[in-house]
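Close look at the chain arrangement
Residue-level listing of the chains:
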Amino acid sequence: RAKSAGGNRYELADPEADARVITRHGLTTALPAALERGEFFIEYQPLVHLGDGSVHGAEALVRWLHPQHGVLGPDRFIPLAEHTGLIVPLGRWVLEQSVRQARVWRERYGESTAAGPLRINVNLSPCQLTHPGLVQDTVDILERTGVAPDALCLEVTESALIGADDDLLKPLRRLAEMGVDIALDDFGTGYSNLANLRRLPVSVLKLDRSFTQSMQRFPADPVDLKIVEGIVALAHSLDLTVTVEGVETGAQAEQLRILGCDTAQGWYYARPGPPERLHELALVDATG
Ligand code: C2E
Ligand code: MG
Ligand code: MG
Ligand code: MG
């Protein structure tokens, strides 16, 4: 079912068609062995500077090459892994693989790009945030791989931090103090108090794809334009970088650039793919 469409790209299995044959229970019980057997792999999606189109890193996105069902996307199994606790070892594996990949890129292209440090973004689930080993595991991985903390950006969803108390924020603060960037993922979909942003140890806002989608209409909804403009102004006044997700067309990229967004990610630039894909992109040009 997993087609390799053009190059090395995987087509994720169709959730609706597969729902009948793949039961939650079946996937859940198969998860631990899948990690041991090495059935997970990571695709990387380039992070692009909106000003000049240069690449300064990538987001790591995990996939499961299931022996019967083909390639499954994270929406199919991350919730199950969270439910069973497997997310902790799985997340640690993703982090280590991703940091190793960042080292390979840094060895090849240098540590900095035209748009700042060359880095890897890794998603953290709420369960990993509350797991006591998070900070030590991260420190160990960075030390083992010899990668500087500024190569790493950890993405946490806005909803995971809504109402977060100081205990939950403490590990993120420690990581931020070490020089790891923290990004607030899917921003704008939750109900977080904007003033609350000041309290969070984040340095990047990732504007949710729904905003990008509304930029496709021309002219874009004036209210959406105002909202994005307002978020960007607030973010910049707090010294946060604004990244936009899900950019699929040049028109969206242009609109979001005009609105002041800093960096972008989306199919318009590149789909998630194998790490070698980054070599074909503008990374080389960006570092001169
Ligand atoms: P996310 O972190 O918000 O990642 C962005 C999602 O948007 C990815 O879906 C990506 O493939 C997709 N995307 C990128 N560009 C475009 C575009 O132009 N158009 C559209 N329609 N989609 C685009 P994916 O890979 O299915 O991942 C879904 C979610 O799963 C991620 O959302 C993230 O929350 C979670 N996830 C992925 N990898 C991991 C992981 O290693 N650990 C944890 N805890 N969660 C992960
Ligand atoms: Mg993310
Ligand atoms: Mg996101
Ligand atoms: Mg998203």
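How each quantity is defined
- Residues numbered from 1 in each chain as written.
- Chains lettered and ligands numbered in written order.
- Predicted model: local features only at pLDDT ≥ 70, side-chain atom pairs only at ≥ 80, totals over all residues.
- Heavy atoms only, no water.
- Near = heavy atom within 4 Å.
- Polar contact = N/O pair within 3.5 Å; in protein donor to acceptor, adjacent residues only side chain to side chain.
- Areas by Shrake-Rupley, 256 points an atom, 1.4 Å probe, with all protein chains shown as cover.
- Helix = DSSP H or I, 4+ residues; strand = E, 2+ residues; numbered from the N terminus.
- Nonpolar A, V, L, I, M, F, W, Y, C, P; charged D, E, K, R; others polar.
- 1 Å grid on protein atoms, 1.4 Å probe; cavity = no way out; pocket = protein on both sides within 12 Å on 5 of 7 lines; lining within 4 Å.
- Points joined across faces, edges and corners; volume = space filled by probe spheres on them.
- Salt bridge = Lys/Arg side-chain N within 4 Å of Asp/Glu carboxyl O.
- Buried < 20%, exposed > 50% of the residue type's maximum accessible area, 1.4 Å probe, protein only.
- Axes fitted to C-alpha atoms, helices over the stretch in contact; angles between N-to-C directions.
- Left-handed = near helix turned anticlockwise from the far one by under 90°.
- Contact = heavy atoms within 4.5 Å.
- Donors = N, O, S within 2.8 Å, 3.2 Å for Na, K, Ca; no water.
- Phe/Tyr/Trp six-rings, centres within 6.5 Å; stacked < 30°, edge-to-face > 60°.
- Lys NZ or Arg CZ within 6 Å of the ring centre and 35° of its normal.

In this section: the site of ligand 1. Lining the immediate environment of ligand 1, one finds 24 residues, of which R63, N123, D185, E248 and W267 sit closest. Interatomic distance of 2.9 Å between a side-chain N/O atom of R63 and an oxygen atom of ligand 1. If ligand 1 stood free it would expose 790 Å²; the protein chains cover 85% of that surface. Of all the secondary-structure elements, those providing two or more residues to the shell around ligand 1 are β2 (55-66), α3 (74-84) and β8 (181-187). With four residues, the top contributor of residues to the shell around ligand 1 is β2. The residue makeup of the shell around ligand 1, split by class, is nine nonpolar, six polar and nine charged.

With that out of the way, let us pick up empty space enclosed by the protein. Scanning the model with the defined rule gives one cavity of 30 Å³ or more in all. Here the largest cavity defines a volume of roughly 100 Å³. Lining the largest cavity we find V88, G91, R92, L95, L124, Q128, H131, G133, L134, D137 and T138. Breaking the lining of the largest cavity down by element, the ones donating at least two residues are α4 (87-109) and α6 (134-145). No other element matches the four residues that α4 contributes to the lining of the largest cavity. Of the residues assigned to the lining of the largest cavity, the class counts are four nonpolar, five polar and two charged.

Per the stated rule, a full pass over the model turns up 14 salt bridges. E96 is the partner of R144 in a salt bridge, and the nearest nitrogen-oxygen pair spans 2.6 Å. Residue R144 is found in helix α6, and its partner E96 is found in helix α4; the two are separated by 48 residues along the sequence. A relative accessible area of 15% places E96 in the buried class. Through salt bridges with shared partners, one network takes in E59, E155 and K206.

On to the packing of helix α2 (residues 24-37) against α3. The interhelical angle for the contact between α2 and α3, taken along N-to-C directions, is 65°, at an axis separation of 10 Å. Both α2 and α3 take part in a crossing whose hand is right-handed. Mapping the contact onto sequence places R24, L27, T28 and L31 in α2 and R76, F77, L80, A81 and T84 in α3. Per-class residue counts for the contact of α2 with α3 are five nonpolar, two polar and two charged.

Below, the discussion takes up the coordination of the magnesium ion (ligand 3). Here the magnesium ion (ligand 3) is held by D185 (OD), D186 (OD) and E245 (OE), and the distances to it run 1.6 to 2.6 Å. Sequence spacing among the residues donating to the magnesium ion (ligand 3) works out to D-D-x58-E. Separating the magnesium ion (ligand 3) from the magnesium ion (ligand 2) is a gap of 3.6 Å, which D185 spans by donating to each of them. One end of the pair, D186, is in strand β8; the other, E245, is in the loop between β10 (241-244) and α11 (250-258), with 59 residues separating them in the sequence.

This next bit is on the packing of aromatic side chains. Two measures describe an aromatic ring pair: the distance that separates the ring centres and the angle between the ring planes. All told, the structure shown has five aromatic pairs when counted by the stated rule. Judged by centre distance (5.4 Å) and plane angle (50°), the rings of F40 and F77 are tilted. Taken together, the residues span a long stretch of sequence, with F40 in strand β1 (residues 40-49) and F77 in helix α3 at a distance of 37 residues. With 5.3 Å between their ring centres and 80° between their planes, Y44 and W105 make a pair best called edge-to-face. Here the residue Y44 occupies a position in strand β1, and W105 occupies one in helix α4, the gap between them amounting to 61 residues. The side chain of R271 reaches across the aromatic face of W267, ending 3.8 Å from its centre.

Another point: unusual backbone geometry. At D186, a residue that is not glycine, the phi angle is positive and equals roughly 55°. Take D186: its relative accessible area is 27%, and that puts it in the partly exposed class. Positive phi is not limited to glycine here, since D239 has a value of about 65°. You can see D239 is positioned in the loop between α10 (222-237) and β10. Look at D239 and you get exposed, because its relative accessible area is 69%.

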